[in-house]
Amino acid sequence: MQSIREFNFDGLIGPTHNYAGLSYGNIASAKHGKKSSSPQQAALQGLAKMKALADQGIGQAILPPLRRPRFEFLRELGYHGSNEQLSELFPTVDPVLLATCFSASNMWTANAATVSPSNDCSDGRLHLTAANLSSTLHRSIEHPSTSRLLNFIFADSQHFAVHPALPSQAGLRDEGAANHTRLCPLGFENQTDGLEIFVFGADPLAPNSAAPETFPARQTKLASESIARLHQLDPENTFFLQQNPTAIDAGVFHNDVISVGNQNVLLCHEYSFVDQTDQLQKIRDQFQTKFKQPLHVVEFNSGELPLPVAVTSYLFNSQLVTRPDNGMTIFSPLECKKDRSALFCLDRLIQADNPVDQVQFIDLQQSMNNGGGPACLRLRIAMTEAEIGAVHQGILLTDNLHRQLVDWVKQHYRKRLSTADLCDPALPGEVERALIDLAEIIDSPKEVLLDV
Ligand code: SUG
């Protein structure tokens, strides 16, 4: 086994970040629908988070925003004309369709793909599968461009296997790494394979199985199993857990809103999984057998953290990361600092016997208003030194790149954007010019970012 270390690939929040209330089952999205957003502030908040992690010595990279509006989508639905002609038609297009093709939802890169490091995959390559995101219209249009981007960044097929999204079928709904966790022994650098935990919301092949009643289950068991097969994972070290339907109906639309794992620590709520006690025991047993050490499971009950507070504070959407000194920092949303239950839980986590010894609060209010916390904004990719050398280098965050991106955002992004502003025929041109400049900053062909 080779030594691997984790990078967080954060979505660089795009210039059309807006609140359109498009995500049924995501309470924050519904609550803020039609309010004005600040794309500039959103992107700067995201960049500040990336800098905070990089300053702790943690690997950090960016995934560029996808081009919006996605004119192709309007053409697929029967609208005709050049981009300019379509822009003139915007006021006549249904507002939901317009918001769909303008959505900046690709910022939440935890939903871009599922990733298995090379140590876990039997062909010794790092595998990535783009997520079809077929549960919501506005997110279902992401994967063709996401795949293209992943193929550009992870082009070296000696090291990487990039799989296209699973077919966009109801039985194969997939939301990527937000429903996937990897556990292994503690270590900033690590030389083992890991346990891969997939969490699904429903099993359409077993119609009588538990399922949420109010909100949709966005991940199916068949999708999770298919990805594990594609990634050539060892079945002994691969687990499929069902998310508790009560949690989905309370607004927990992804597993990363109710549980977070990192190496030898797993943080969850008592309502995270179906048959939770037995399922967690199986994982604990396999961890102990394989690694000859215990897994630290920290579980909060509803008395400590009521489900609705788990959703508003987004405590479980914290980023739990291992620092170069092998301590762990939990990067939590600022909302946790304002909530007594969340603060109590963080304190209990720090006091308990486990490697987590620091909390850092992060202000991501612009993304949080759409239901996207710290963990939603990043895709974790653990790589060997050779793999790090093989990815497109222009997206690895340095102080210089961070500075350039801050200036780029200030130059190109609007300070305010309402859903009515999406009709402005000038907006597509602004985005195009921003992406052309970004291509130069990250040393990418402009065709990749312009998706032409
Ligand atoms: O898919 N919100 C996203 C939030 C994704 C959060 N990701 C993770 N938990 N990993 C979603 O529901 C809102 C868009 C709008 O309403 O304009 C939105 O798509």
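Each remark here, short or long, concerns the structure printed above.
Keep in mind it's a predicted model, so treat the numbers as computed, not measured.

Q: Would you mind going over the environment of Pro15 with me for this structure?
A: Take Pro15: it is sitting in the loop between strand E1 (5–11) and helix H1 (27–32). Among all residues touching Pro15, those that are not within four sequence positions of it are Pro39, Tyr413, Leu417 and Val431.

Q: Looking at this structure, I do not really get the site of the ligand. What am I missing?
A: Neighbouring the ligand are 22 residues, the closest being Leu22, Ser23, Ser29, His138 and Asp256. The separation between an oxygen atom of the ligand and a polar main-chain atom of Gly21 is 3.1 Å. Between Asn370 and the ligand, the recorded distance is 3.0 Å, taken from a backbone N or O atom to a nitrogen atom. Against a free-state accessible area of 490 Å², the protein chains account for coverage of 99% of the ligand. Counting atoms within 2 Å of the grid points, the majority share of the ligand lands in the second largest cavity.

Q: Is there a simple way to explain the nonpolar core in this structure?
A: It is characteristic of soluble globular proteins that their nonpolar side chains tend to be buried jointly. Phe9, Phe154, Phe300, Leu305, Ile381 and Leu405 are the most contacted members of the largest nonpolar core, which totals 88 residues. When residues in this core are grouped by element, the largest group, six residues, is from helix H2 (residues 39–55). Filtering out sequence-adjacent residues up to four positions away, Phe300 remains in contact with Leu267, Cys268, His269, Glu270, Leu305, Leu315, Phe316, Cys345, Arg348 and Leu349.

Q: Would you mind going over the pattern of salt bridges with me for this structure?
A: Opposite charge on two side chains permits them to pair, given that their charged atoms come into close proximity. Within the structure shown, the criterion is met by 20 salt bridges. With its nearest N and O atoms 3.4 Å apart, the salt bridge here joins Arg380 to Glu6. Residue Arg380 is located in strand E15 (residues 378–383), and its partner Glu6 is located in strand E1; the two are separated by 374 residues in the primary sequence. A relative accessible area of 23% means that Glu6 is categorised as partly exposed. Across the salt bridge formed by Asp451 and Arg70, the nearest N and O atoms sit 3.6 Å from each other.

Q: Before we go on, may I ask you to explain unusual backbone geometry in this structure?
A: Negative phi values dominate among residues other than glycine, just as trans dominates among peptide bonds. Cis rather than trans, the peptide bond between Arg68 and Pro69 has omega equal to 0°. Following the sequence through the fold, Pro69 ends up in the loop between strand E2 (59–63) and helix H3 (71–76). Of note, Asn326 is a non-glycine position whose phi angle comes to about 70°, a positive value. Topologically, Asn326 is positioned in the loop between strand E12 (319–322) and strand E13 (328–333). For Asn326, a relative accessible area of 34% translates into the label partly exposed.

Q: I tried to follow the layout of surface pockets on my own but got confused; where do I start?
A: Picture a little ball the size of a water molecule; that probe, rolled over the atoms, points out where space is still empty. Of the volumes computed, that of the largest pocket is approximately 360 Å³. Of the residues in the lining of the largest pocket, the class split is eight nonpolar, seven polar and two charged. Size it by volume and the second largest pocket reaches roughly 170 Å³. Lining the second largest pocket are 14 residues, with Lys34, Pro95, Val96, Ala99 and Thr419 sitting closest to its centre. Here the lining of the second largest pocket is built from residues that sort into 11 nonpolar, two polar and one charged.

Q: In this structure, what is going on with the sheet that holds strand E8 (residues 238–242)? I would like to understand it.
A: Note on sheets: strands pair through backbone hydrogen bonds, and any given pair is parallel or antiparallel. Read across the open sheet, the three strands follow the order E6-E7-E8; overall the sheet is mixed. Edge positions in the sheet fall to strand E6 (180–183) and E8, since each of these pairs with one other strand and no more. Going from strand to strand, the sheet's axes swing by 20° on average, the running direction of each strand aside. Here E6 runs beside strand E7 (residues 195–200); their pairing, made up of four bridges, is antiparallel. For Thr181, the partnering residue across the bridge sits in E7 and is Ile197.

Q: Would you explain the sheet that holds strand E11 (residues 296–300) in this entry?
A: Taking strand neighbours across the sheet as the criterion, the three strands line up as E9-E10-E11 in an open arrangement whose pairing is mixed. Bordering the open sheet on either side are strand E9 (259–262) and E11, each of which pairs with just one other strand. On average, each strand axis in the sheet is tilted by 10° relative to the strand beside it, whichever way the strands run. Of the pairings in the sheet, the one linking strand E10 (residues 265–269) to E11 comprises five bridges and is parallel in character. Opposite Val265, over in E11, you have His296 as the bridge partner. Across the face of the sheet, helix H13 (residues 340–351) comes into contact with E10 and E11 while running at roughly 160° to E11.

Procedures and definitions
Residues numbered from 1 in each chain as written. Predicted model: local features only at pLDDT ≥ 70, side-chain atom pairs only at ≥ 80, totals over all residues. Heavy atoms only, no water. Helix = DSSP H or I, 4+ residues; strand = E, 2+ residues; numbered from the N terminus. Contact = heavy atoms within 4.5 Å. Near = heavy atom within 4 Å. Polar contact = N/O pair within 3.5 Å; in protein donor to acceptor, adjacent residues only side chain to side chain. Areas by Shrake-Rupley, 256 points an atom, 1.4 Å probe, with all protein chains shown as cover. 1 Å grid on protein atoms, 1.4 Å probe; cavity = no way out; pocket = protein on both sides within 12 Å on 5 of 7 lines; lining within 4 Å. Sits in = over half its atoms within 2 Å of the grid points. Core = buried A, V, L, I, M, F, W, Y, C linked by side-chain atoms within 4.5 Å. Buried < 20%, exposed > 50% of the residue type's maximum accessible area, 1.4 Å probe, protein only. Salt bridge = Lys/Arg side-chain N within 4 Å of Asp/Glu carboxyl O. Points joined across faces, edges and corners; volume = space filled by probe spheres on them. Nonpolar A, V, L, I, M, F, W, Y, C, P; charged D, E, K, R; others polar. Pairing = 2+ DSSP bridges. Axes fitted to C-alpha atoms, helices over the stretch in contact; angles between N-to-C directions.

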